[in-house]
Amino acid sequence: MSTHSLSAAPVTARREVSQFRLAINAVRAIAQRDLVVTAREIVQFLLQAMIQPLFFLFIFGKVLPGIGLAAHGFAALLLPGIVSLSGLLAAIQGVTLPLVLDLGFAREIDDRLLAPLPVWMVAAEKVLFGTLRGAFAGACIFPMALVILGPDFSVRTDRIGMLVLMVLLTGATGATIGMLIGTIVRAEFISLMFALIFTPLIFTGCTYYPWAALEHIRWFQILTLANPLTYCSEGLRYAMVKSGGGMAFPTLDIRVVIAALLVGIGACFYLGLRMFLKRVIS
Amino acid sequence: MTDAITVKNLVKTFPKSNGNAVDGVSFTVRRGEIFGLLGPNGAGKTTTIGVLTTTVRPTSGSAEVAGHDVAHDQIRVKQRIAVLPQMNNLDRSLRVREILTFHAAYHGVPKRQREALADSLLKELGLFERQNEKIARYSGGMAQRVMVARALMHEPEVLFLDEPTNNLDPQSRLFLWERIQALNERGLTILLTTHDMDEADRLCQRIAIMDHGKILVNDTTAELKKLIPGGNALELQVEMGSGVEGLENRLDSLPGVIKVESMGSSGDGPDGAAYRIYAAEAGALVGPVVQAATGAGLVIRDISVKNATLEEVFIYLTGRHLR
C-alpha cells in the first residue's frame, strides 16, 4: 500500500511547554486568523462601516447648516456622535456576525475550541478583536470628517489621551454587546434583531444631540441614560468639543461616563461569556 | 506505560432529558490500538467522545486521555488529541492550506514545521492543486480529506473519529479506511465510533458494543463473534398462518439447535414471522427446518445461513437490528 507514507510527524517525546505559553500561543494564532480574515475583506468592512457616517456627516454637518436648518457649529457636536455610533456598530457587527456563524450549524469554532487554551479565552479574543475593530472604524471617521467638513472640522487637541480611551471604550462596549447578542440570538433571527436593536439604539444614544440639551424633554433625557451609546457619545463629546467663550461645553460628567461604560462592559462580558460557555460546552 | 484512554463509571445526563445519555461506562484503550465504539444512533457514542475531547462535561465518573484528566487538565488533553467530527466543521473563512497551517499554529507548531507538514499532507491527500481555494468549493469527500489532514497537523497521540465514513461515497470511504490503518501502523492510538459493522470489523482491534448509554460487551472482534452460541445461525422467514403457533417450540426441539429467537413480524410483508435459529452447524439444519415449517402448513419466504458477523453479535445481544 502506498498509503503507509502518510505524513504527520511521528509521535515523539513531547516538548513540555507550560500551559500558559500554550494558551498565549493559541490566542495569538487565533487573533492572527481573525486579522487575516478581516484584512481579506477590508474593502467590504470599510464600505459597511463608512457609508452611513459619510452621508450623515454630509447632510447633517454640511447641508443642513448650509441651508440654515441647523445651527452653525452643529457639525462639531455631531462628529463625536458619529464616531461613537460607527465604532459601536462596527464592534457589534464584528463580533455578532462571525459568532453566529461560528456557533451555527457547521460549528466552525470547534477547531479553535479544541486548541490548547481555556475555552473562555476564545471568547475573550473575540471581544478583544471586536474592540480593536470598533476602535479602528471610529478612528477612520476623523480623516473622512476632515475632508467632508473642511473648515467646520473642529476637535480639541488637549484631550487626545481621553479621546483614545473613549474610542477604545466605545469599541469594547460594542464588542461585549455583540457577544451577548451573538450567543443569545439564533441565526435565523439575526437580521430581525439588527432592526429591533439598532434603530432604537441609534436614535436614543445622544448621537445627533448633546445630552444636556434634552433638559426640556426630561423623560426622554432620562430614557437615554439606559442606552450605552449615550455614554460613548457624551464621553467623546467631552474629549472632542472645544469650549466656547471660556465656557466648558456641558456633557455628562466624564467620571459617570467612564464608570457606566466599565460597568456595562463588565456586565455584558460576564453574561456573554456565560452564554458562550453554555453554547460550546454541554 | 499508561493506557491511552481510561474511562471509569462515566455518566452524562443532559438537562431536560429523561435517562442518562451515557450510563456508567468503563473501558480502556491501549496505546497504539484501534478501538471501536459500536452502536445504533443515540447509544451514547458521540457523547462519550464529547467527554473524552473536553466538549462535554461528565456528570460523574472520570476519564483520562493520554495520562491527563479530561475534566481537570483540559489543555494538556487538547494538546494531545485530534478529532475528526461527524460533520464538516472546517473554517469557511479560510483557504484550505490556511485551515491546516492555522490549526497547527493554534497548537504551537513552529512556522517552518507547519508549512512543511502542510505541503506533504496536501500532496499526499491529493489536495495540493486546490490548496488556495475555500472549502465551499470542495465536495464532501474532499472536505473529509481536509479534516484528516487538519487532524494530523499537530502530532496528536490519540485520534478520535466520530462516524467518520457516515456520509462518504464508497471510494472516499475506502480511502479513509486505508489512511486510518496507515496512521495506526505509525503508532497513533485511534478511537472510532460507528454504526457500520463492516467498518468496525475491518478496522478495530477491540470493540465495545454500546446501547442505551451502556456498554454491553467489550472485547476483540474474534472473541465477540464467539458470543454467538455455536458460532452461526439460520434465519427463517415464513408467511403468517395458523401453523405459526408452536413453530418456535418445534424448531427448538430439532437436534443440534442451541437456541431459537423469534424476531417478530419482520420481512417484506406485514403478515410474516421470522426466527433465528442458533446452532453449531446451522447449514445442516436447513433441511429439518424447512420440513418443520412446511409440515406446519407454512409458506417459506426466505431461509439463510448467517455466519458470525458483528451484526449477528449485536442482534444476539439486543434482539434487534442495528439500524
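S.K.: Would you mind going over the pattern of salt bridges with me for this structure?
M.R.: Between side chains of opposite charge, a pair can form when the charged atoms approach closely. Summed over the entire model, instances satisfying the criterion amount to 27 salt bridges over all chains. Close ionic contact of Asp158(A) with Arg156(A) constitutes a salt bridge, the shortest N to O distance being 2.8 Å. Accessibility expressed as a relative area gives 55% for Asp158(A), which makes it exposed. Classification of Arg156(A) by relative accessible area gives buried; the value is 12%. Its salt-bridge partner being Glu235(B), residue Arg276(B) comes within 2.2 Å of it at the nearest N-O pair. You can see Arg276(B) sitting in strand 13 (residues 272-279) and its partner Glu235(B) sitting in strand 11 (residues 232-239), a full 41 residues away along the chain. Each of Arg33(A), Asp34(A), Asp102(A), Arg112(A), Lys126(A) and Asp91(B) takes part in one network of salt bridges that share partners.

S.K.: Would you take a moment to explain the sheet that holds strand 5 (residues 68-69) of chain B for this structure?
M.R.: Note on sheets: strands pair through backbone hydrogen bonds, and any given pair is parallel or antiparallel. Residue and element names in this part refer to chain B. One open sheet accounts for four strands, arranged 2-1-4-5; its pairing is antiparallel. Of all the strands in the sheet, just strand 2 (22-29) and strand 5 have a single pairing partner and so form its edges. Sheet strands in contact with helix 1 (residues 45-52) are strand 1 (5-12), strand 2 and strand 4 (60-65), and its direction is about 120° off that of strand 1.

S.K.: Mind showing me how you'd approach the interface of chain A and chain B here?
M.R.: Taken together, the contacts link 44 residues of chain A with 48 residues of chain B. Here Glu108(A) ties to Arg92(B) by a salt bridge, and the two come within 3.4 Å at their closest N and O atoms. For the interface between chain A and chain B, the tally reads 13 residue pairs in polar contact (both at pLDDT 80 or more). Contributions of two or more residues to the side of chain A that touches chain B are made by helix 1 (19-40) and helix 4 (110-113) of chain A.

S.K.: How do you make sense of the packing of aromatic side chains when you look at a structure like this?
M.R.: A ring pair, where both rings are aromatic, is described by two values, the distance of the centres and the angle of the planes. Residues and elements named next belong to chain A. Following the criterion strictly, the structure yields nine aromatic pairs over all chains and no others. Here Phe203 and Tyr208 contribute two aromatic rings whose centre-to-centre distance is 5.9 Å and whose plane-to-plane angle is 45°, an arrangement assigned as tilted. Between Tyr209 and Phe220, the aromatic rings sit 6.0 Å apart at their centres with planes inclined by 55°, giving tilted as the arrangement. One end of the pair, Tyr209, is in the loop between helix 7 (190-203) and helix 8 (218-224); the other, Phe220, is in helix 8, with 11 residues separating them in the sequence. Each member of the pair Tyr209 and Phe220 is classed as buried. Ring pairs connect the aromatic residues Phe56, Phe60, Phe203 and Tyr208, which therefore count as one cluster.

S.K.: It is not clear to me how the pairing of strand 4 of chain B should be interpreted in this structure. Could you clarify?
M.R.: The side chains of a regular strand alternate between both faces of the sheet. Residue and element names in this part refer to chain B. Two elements, strand 1 and strand 4, share five bridges in a ladder whose sense is antiparallel. By the bridge assignment, Ile5 is partnered in strand 4 with Val65. If you look at the hairpin formed by strand 4 and strand 5, you'll find two residues sitting between the two strands, and Ala66 has a positive phi there, around 50°.

S.K.: I keep staring at unusual backbone geometry and nothing clicks. Help me out?
M.R.: Trans is the common state for peptide bonds, and a negative phi is the common state for residues other than glycine. The phi torsion at Arg107(A) lies on the positive side, around 50°, for a residue other than glycine. Looking at Arg107(A), the relative accessible area reads 22%, which means it is partly exposed. Of note in this structure, Asn9(B) is not a glycine but carries a positive phi near 45°. For Asn9(B), the location among the structural elements is in strand 1.

S.K.: So what exactly am I meant to see when it comes to the pairing of strand 3 (residues 34-38) of chain B here?
M.R.: All names here are of chain B. Of all five residues in strand 3, five are buried, a share of seventy percent or more. Side chains Ile34, Gly36 and Leu38 of strand 3 all project onto a buried face; the interleaved residues Phe35 and Leu37 project onto the opposite face, where all are buried too. As defined by bridge partners, strand 3 adjoins strand 8 (residues 189-194) across five bridges and the pair is classed as parallel. Its bridge partner lying in strand 8, Gly36 is registered against Leu192. Summarising the sheet, strand 3 and strand 9 (residues 206-211) pair through four bridges and their orientation is parallel. If you follow Phe35 over to strand 9, its bridge partner there is Arg206.

About the cut-offs
- Residue numbers run consecutively from 1 along every chain, following the written order of its sequence.
- All chains are assigned letters beginning with A, and all ligands numbers beginning with 1, in the order in which they are written.
- Confidence filtering applies because this is a predicted model: local features only for residues at pLDDT of at least 70, side-chain atom pairs given and counted only at 80 or more, and all residues used for totals across whole chains, interfaces and linings.
- As a convention, hydrogens and water are excluded, and side-chain values are obtained from all of the structure's heavy atoms.
- Salt bridges are identified by distance alone: a Lys or Arg side-chain nitrogen within 4 Å of an Asp or Glu carboxyl oxygen.
- The buried label goes to any residue with under 20% of its type's maximum accessible area, the exposed label to any with over 50%, and the partly exposed label to all in between, with areas taken from a 1.4 Å probe on protein chains only.
- Here a helix means four or more residues in a row that DSSP labels H or I, a strand means two or more in a row labelled E, and each is numbered from the N terminus.
- If DSSP finds at least two bridges between two strands, the strands pair.
- It only takes one pair of heavy atoms within 4.5 Å for two residues to be counted as in contact.
- Each axis is a line fitted through C-alpha atoms, and for a helix only the stretch in contact is used; angles between axes span 0 to 180 degrees, taken between their N-to-C directions.
- Definition of a polar contact: a pair of N or O atoms within 3.5 Å, with one able to donate and the other able to accept a hydrogen when the atoms are protein atoms, and with sequence-neighbouring residues admitted only if both atoms are side-chain atoms.
- Two rings belonging to Phe, Tyr or Trp (six-membered ring only in the last case) form a pair when the distance between their centres is within 6.5 Å. Interplanar angles under 30 degrees mark stacking, angles over 60 mark edge-to-face geometry, and anything in between is tilted.

Note that every value here comes from positions in space, so none of it alone points to a role or purpose.
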